[in-house]
Amino acid sequence: MNFDYSDDQKFLKDEARKFLTAHCGSDRVRAVLDDPAKAHDADLWKAVGAQGWLGAAIPEEFGGLGLGHIELCAIAEELGRACAPIPFASTVYFVAEALMLYGSDTQKVRWLPRIAAGDVNGAFATSEGAGPVTARSIRTTVSAGKLTGEKIPVTDGDVADLIVVLARDGLYLVEKGVGVTAEVLETLDPTRSAARLTFTDAPCEKLGSDDGIAAMQAVFDRAAVLLAFEQLGGADRCLEMAKGYALDRYAFGRQIGGYQAIKHKLADMYVKNELARSNAYYGAWALNVGAAELPLAAATARVAASDAYWFASKENIQTHGGMGFTWESDCHLYYRRSRQLALVAGSPAAWRERLVGQLEMRNAA
Amino acid sequence: MNFDYSDDQKFLKDEARKFLTAHCGSDRVRAVLDDPAKAHDADLWKAVGAQGWLGAAIPEEFGGLGLGHIELCAIAEELGRACAPIPFASTVYFVAEALMLYGSDTQKVRWLPRIAAGDVNGAFATSEGAGPVTARSIRTTVSAGKLTGEKIPVTDGDVADLIVVLARDGLYLVEKGVGVTAEVLETLDPTRSAARLTFTDAPCEKLGSDDGIAAMQAVFDRAAVLLAFEQLGGADRCLEMAKGYALDRYAFGRQIGGYQAIKHKLADMYVKNELARSNAYYGAWALNVGAAELPLAAATARVAASDAYWFASKENIQTHGGMGFTWESDCHLYYRRSRQLALVAGSPAAWRERLVGQLEMRNAA
Amino acid sequence: MDFKDSDAEATYRAAARDWLDANIAEHDAGRYPDDMTKAKAWQARKAAGGYACITWPQEWGGGGGTPIESVIFGQEEAKHAVDGSYFTIGLGMCVPTVMAYADDATKHRFVGPAVRGDEIWSQLFSEPAGGSDVAAIRTRAVRDGDDWVINGQKVWTSGAHYSDYGIVLVRTNPDVPKHQGLTMFWLDLKAPGIEIRSIHQMSGGSSFNEVWFEDVRISDAQRLGPVDGGWKVALFTLMNERLAIGTSGGVGPEDILAFAAQANGADGPLLKDTAFRQTLADWWVQSEGLRNTRMRTITALSKGQVPGPESSIGKIVAANQLQAIGNTAVEAGDQYGIISDPALTPLKGAFHAATMWAPGLRIAGGTDEILKNIIAERVLGLPGEIRVDKDQAFRNLPVGA
Amino acid sequence: MDFKDSDAEATYRAAARDWLDANIAEHDAGRYPDDMTKAKAWQARKAAGGYACITWPQEWGGGGGTPIESVIFGQEEAKHAVDGSYFTIGLGMCVPTVMAYADDATKHRFVGPAVRGDEIWSQLFSEPAGGSDVAAIRTRAVRDGDDWVINGQKVWTSGAHYSDYGIVLVRTNPDVPKHQGLTMFWLDLKAPGIEIRSIHQMSGGSSFNEVWFEDVRISDAQRLGPVDGGWKVALFTLMNERLAIGTSGGVGPEDILAFAAQANGADGPLLKDTAFRQTLADWWVQSEGLRNTRMRTITALSKGQVPGPESSIGKIVAANQLQAIGNTAVEAGDQYGIISDPALTPLKGAFHAATMWAPGLRIAGGTDEILKNIIAERVLGLPGEIRVDKDQAFRNLPVGA
């Protein structure tokens, strides 16, 4: 038993932090925020690819580093901390994971090395409108190898080369191009892009079985753990920012961090972040070893992380007072990202429901 | 428009407080708490009857004072504040209200004057076990004027002379005696008594229509407003106690009331209590004039008051620290009573559901 | 307790309703909150009808009415969805201060035009280093003969860019403790040396400004109250602020109820989900509680009582509820919830806007934390914070990085 | 991150399981928490098997094992529902203090019997006027030749009525600031002049005591650490307290899940109510978070790191959750929920007991508020409270009514 990163993993994490500190300061995030034409930071995206991070959990036989998922979790934590404006999650947590779970050898050989090399951006297209994705809500169909339907929103859909699409009878691989059009959407987090994708007889290829909802959920379980580390990184950064400001800012002749209202607010943040961290670690283990506990562990990690990040990002603004409400402050970058990450693989309420469902199944077993 | 007690009502309320300060100190409450044989404080009950409070809202033609329901609310607030260990609510808020709502002239003439005079204790028997009372959960039946069933718990059921019983086809009046047995129950609030009542071919008399659930709910709506004032009185007393202790108690050389954690805790109590007060006032008006808004106003008042009292009673203990956890401290009297009052007319969750149901009906209209 | 109109109140309401029906169609300015010209025309119309500043004496252009009448008119006016926010700060805070502290000539010059909406006023207290500590003002005014010369910076000034005049709190003596060296003035916001820059908020909008003073020269005749006696004047001004900010002005329980009735939950409409229903009930209880609390305040006002710091509860509750309602509706969309395009979102993006605006509301006009301190100290009588700055000269106080 | 046993750990676990299976049937004392004789017998049995104080050196009667092994044994022992609470405070806090500060003879006299369960220890720090301010101790010890004479009162002393020995913190100098005039001693709780009275808790039980000292005479040889140097010794003792209290020991998410599966909601079983499900998920997240946080602490321990104040989070979360779970189950009964008779209530009244006990857990061993201060100051490095009592002699400090 060992409930911590190994020394090697810590080293990787430290290196990732150094890299992102150098290449992903908040100026880089803001450059994407302030420019509606920018879907992401292309230079950073290229540099991240060059680091090999995209293939951290992809086996060496498919062109990855074959390090494992815990290493990918460590990278995710740092990406979340830096609020990185790149399509990492779509490409790595969703599409690469979907391929590793369900891809045929041909599909893996074709796509995974290109993903690991940074040559392909991915997107995972499931939602078709407001509300949870269910078997009833999916209208996208496939006929004679052509896929037709509308997906909204698709995170990174406008910059994706390879899209994994949920249709009524399973997941499909669709390539950018013929029969695919994208319309960019205005969202709460402009540092991450999203689009409405319209498929009209788009050529496609089946990925895995006919039970699309089950496959989507299996991908979500894996992504949920990785997203939880991004959320944890963001929540930790909020606590750091709040603490830094509370020590620097004076009111009534004292540091505001000396007032119990602020002290206890930050203590509450710390408590939520630590619970989220512990649950994320457990999820990382379950993901890494493919444990049967993964669905429950993933739900636990995701609910904890979503809760912690929401609380930390909003109370970080509150701690900053008026300054925190300005565009110039970095506080809102994290507030926005906390919304994006909380929703991208389904809402916290949906995950709470899934968690309890898993508990029921476990107790019934 | 006038959103306050009138001067006369304030005078009545002040007098009630003086009376209860003299006759219902916490020693009197504790005497009932500490003696399992005592269902209530019989002397206080007699004295309260002599004050005419039982008939405050009963019309003069039926032997009451005919003051109105706002006056009864003022009394309820003071009774709640004093944590009075008497069957006032059962007799006045439930049984007298049920009679005034549904009683025939004969029934009113027979019972209301005796209630107003303090000669009759009442009880309202609806629950037959764990969970909300619904049409499906009621097994009590009436056949040829005889009622058979089991009710648990019935607040004040062991000391009631007149019991209003919910059967499958409506409310019934049952008198203590033939066919009625009571078993006293152990509850979270021993300062108020409760019993399991078993009816075996007990002689009964119909009260109102065949729709028992609707009738029960109409009585609950009226009781809910009055109970909200008891809860408000209790919550206010908790805030006073907490404030008093916070000013008296020193830690680290300072009054603990000077620490923001305590200041903000008490401010939170104040906010909840004021919201509860405002909602209770609106409910009192709706009750007093028989407004169509009563069901919604009652639900709003009850949810607000239940929430405020729970918070105030538990954080009052917390403010008192170790002292607050002792039997000798009065804190737990209010904590216990907050549970009793929150459940006696159905749980807060059930009232929230009723509130939203009313909103839906209003919007549909 | 009587939540229905008395006969006199019903008569007043009927008259107000008739007047609104007769007047609002041709002066529908207020329906367009971004059109100041129309908003001013509507304000003038109200003033002519006796419906502007209803509780103020008629000699000052007011309506000579009661607080209850003011509430009644407000209720009726609200049915027409008019927006009077251009005038809230001026008529709610600044002009009352002028009326209380200026000489007769100044009052006669300014009160009438303000009531009629001809001139808009702004309040200039907050500073970058001040924030919750309002009195920590660094903007200096230095005496020069009959004039004062002002240098410094104000921040979070609502509407300064469209205002004509303002009241400004400045430091006139840094060698005495913080509260003792402040003085209040009124000034012309078009005066030389004043530069107004809008603040870009995290919510995207710019309803606030920074105001820079560079050698701005004003006459001593513009002083409100004694030299170094400005803190007391400022307290008079601020007394009315939190009452005004008490309502969130954003989405409320009824809005999210309407949304939930048609929103997809996992298993039917969101409104049928008991988790949502329980939360909705709590919001309703809060909103109704605030509404009825404001009514209690009005009752106190009509009895000649001064509304106290208890009105601080309004903003704490409303701002936090706004954030919760906004975010709940956003999250209810599941993946779709991230989309903020008004054309694609419920209520034209109002829930998303609330999510982004609520953090500001929790801060503006006193943070949650400051308001709780106010309740604890001024309502409940708990001890004040230990004040390390109490007896020190302002210039010696520690400041942050 | 590896949440499964290593080979060595699996071997240890198998051995522990075998040992428990072989021994617990005949020494099933721990299953009866109210039977001290059986509890002592079980503790002795564990000591003989090397399973008492697993991480302590074997020369002191311990198991000479690792923190992980201690956790593994605890997990396996818990499956048998044994209860070791008689020994928690003695072996967790008092005896380690004796081991750190007493002379060799004292250690040899006391450590073995404590490990074997022959003698039970109690901790006497809290006082009526102290509470959160642990150092505000008024119990006096006055030097008399080679002896000290103690007078005063301790409170909230767990298990004093069944304990043999105790460590006591007393004031030896009231003329210096609070923390500088304290001294620690061990003593025999059966000594003349000591009177132990149980405290009647609001929850009905009496697990705590008041302990009165009237001219209790002890030898200077019983001193632990220097004269007036007791605060440092007390901090050593307290370091282990919050870790021990971190678990609530009451009902948890799994209990209320089982209850909800058969409890009546308005519309089917409570477990099908989405409002309940959402809340249950949050409790699960908290409980799992705490469980995994404890595991992280164990990892730190096994790497030789000292667990820090971060373990304070355990009690804050667990105590508040206990209160919420208890009350939710109570309220789920609707009217019936008020009934607390164990024969008529789910889980034999455990939810009702939790509702009445949780308020105490939120206070014992540091209130929520004190623990948050500890996190804020010692973990996050935020400023300490302003200490008005810092440099004043203890006897001059203000006290309450």
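Residues numbered from 1 in each chain as written. Chains lettered and ligands numbered in written order. Predicted model: local features only at pLDDT ≥ 70, side-chain atom pairs only at ≥ 80, totals over all residues. Heavy atoms only, no water.

*Asks:* Explain the relation of the copies chain D and chain C to me, please; I cannot follow it from the model alone.
*Replies:* Related by rotation about an axis and a shift along that axis, the two copies of the chain form a pair. Mapping chain D onto chain C leaves a residual RMSD of 0.1 Å; the transformation is a rotation of 180° accompanied by 0.0 Å of translation along its axis. Read as a symmetry element, the transformation amounts to a two-fold axis. By C-alpha distance to the rotation axis, the residue of chain D lying nearest is Ala-275 of chain D, at 1.8 Å. A shared interface surface links the copies, since 100% of the contact residues of chain D are contact residues in chain C too. (Least-squares fit on C-alpha atoms with pLDDT ≥ 70 in both. Contact = heavy atoms within 4.5 Å.)

*Asks:* How should I be thinking about helix H11 (residues 350–361) of chain D in this particular structure?
*Replies:* Residues separated by three or four positions in an α-helix point in the same direction, a consequence of the helix having 3.6 residues per turn. When you tally the buried positions in H11 of chain D, you get nine out of 12 residues, the bulk of the element. Residues of H11 of chain D that are buried include every one of Phe-351, His-352, Ala-354, Thr-355, Met-356, Ala-358, Pro-359, Gly-360 and Leu-361 of chain D, and no others. (Buried < 20%, exposed > 50% of the residue type's maximum accessible area, 1.4 Å probe, protein only. Helix = DSSP H or I, 4+ residues; strand = E, 2+ residues; numbered from the N terminus.)

*Asks:* Hey, could you run me through the nonpolar core in this one?
*Replies:* One recurring pattern in soluble globular proteins is that nonpolar side chains are buried together. With 363 residues, the main nonpolar core has Phe-88 and Tyr-93 of chain A together with Phe-88 and Tyr-93 of chain B as its most contacted residues. The residues touching Tyr-93 of chain A, leaving out its near neighbours within four places in the chain, are Ala-76, Leu-79, Phe-88, Val-219, Ala-223, Leu-226, Leu-227 and Glu-230 of chain A. (Core = buried A, V, L, I, M, F, W, Y, C linked by side-chain atoms within 4.5 Å.)

*Asks:* Could you clarify how one ought to interpret the pattern of salt bridges in this entry?
*Replies:* Opposite charge on two side chains permits pairing when their charged atoms draw close. All chains considered together, the criterion is met by 120 salt bridges over all chains. One salt bridge in this structure joins Asp-5 of chain C and Arg-13 of chain C, with 2.5 Å as the shortest N-O distance. The exposure class assigned to Arg-13 of chain C is buried, which follows from its relative accessible area of 12%. Through salt bridges with shared partners, a single network forms among Lys-13, Arg-17, Glu-77, Glu-78, Asp-236, Glu-274 and Arg-277 of chain A together with Arg-296 of chain D. (Salt bridge = Lys/Arg side-chain N within 4 Å of Asp/Glu carboxyl O.)

*Asks:* In this structure, what is going on with the interface of chain D and chain C? I would like to understand it.
*Replies:* By a widely used convention, the size of an interface equals the accessible area lost when the partners come together. Contact residues are listed per partner, giving six residues for chain D and six residues for chain C. Here chain D and chain C share an interface that buries about 430 Å² over both sides, 71% of which is from carbon and sulfur atoms. Scanning the region where chain D abuts chain C turns up zero salt bridges. Between the two partners, chain D and chain C, sit five residue pairs in polar contact (both at pLDDT 80 or more). Taken together, the residues of the side of chain D that touches chain C break down into three nonpolar, two polar and one charged. (Buried area = accessible area lost by both parts, 1.4 Å probe. Polar contact = N/O pair within 3.5 Å; in protein donor to acceptor, adjacent residues only side chain to side chain. Nonpolar A, V, L, I, M, F, W, Y, C, P; charged D, E, K, R; others polar.)

*Asks:* What is the right way to look at the packing of aromatic side chains in this model?
*Replies:* Any aromatic ring pair is given by two values, namely how distant the centres are and how the planes are angled relative to each other. Applying the stated criterion across every chain, the model contains 64 aromatic pairs over all chains. Where Phe-3 of chain B meets Phe-3 of chain C, the ring centres are 4.5 Å apart and the plane angle is 75°; that geometry is what we call edge-to-face. Of this pair, Phe-3 of chain B sits in the segment before helix H1 (7–23) while Phe-3 of chain C sits in the segment before helix H1 (7–23), on two different chains. Using a relative accessible area of 3% as the deciding quantity, one classes Phe-3 of chain B as buried. Exposure remark for Phe-3 of chain C: the relative accessible area of 12% places this residue in the buried category. Note on Phe-110 of chain D and Tyr-165 of chain D: the rings are 4.7 Å apart at their centroids and 65° apart in plane angle, and the pair reads as edge-to-face. Taken together, the positions of Phe-110 of chain D in helix H5 (residues 104–115) and Tyr-165 of chain D in strand E4 (residues 165–171) put the pair 55 residues apart, joining distant regions of the chain. Accessibility expressed as a relative area gives 12% for Tyr-165 of chain D, which makes it buried. Three or more aromatic residues joined by ring pairs make a cluster, and in this case those are Tyr-12, Trp-19, Trp-42, Tyr-51 and Phe-73 of chain C. Its guanidinium or amino end placed over the ring of Tyr-282 of chain B, Arg-291 of chain C lies 5.5 Å from that ring's centre, counting from NZ or CZ. (Phe/Tyr/Trp six-rings, centres within 6.5 Å; stacked < 30°, edge-to-face > 60°. Lys NZ or Arg CZ within 6 Å of the ring centre and 35° of its normal.)

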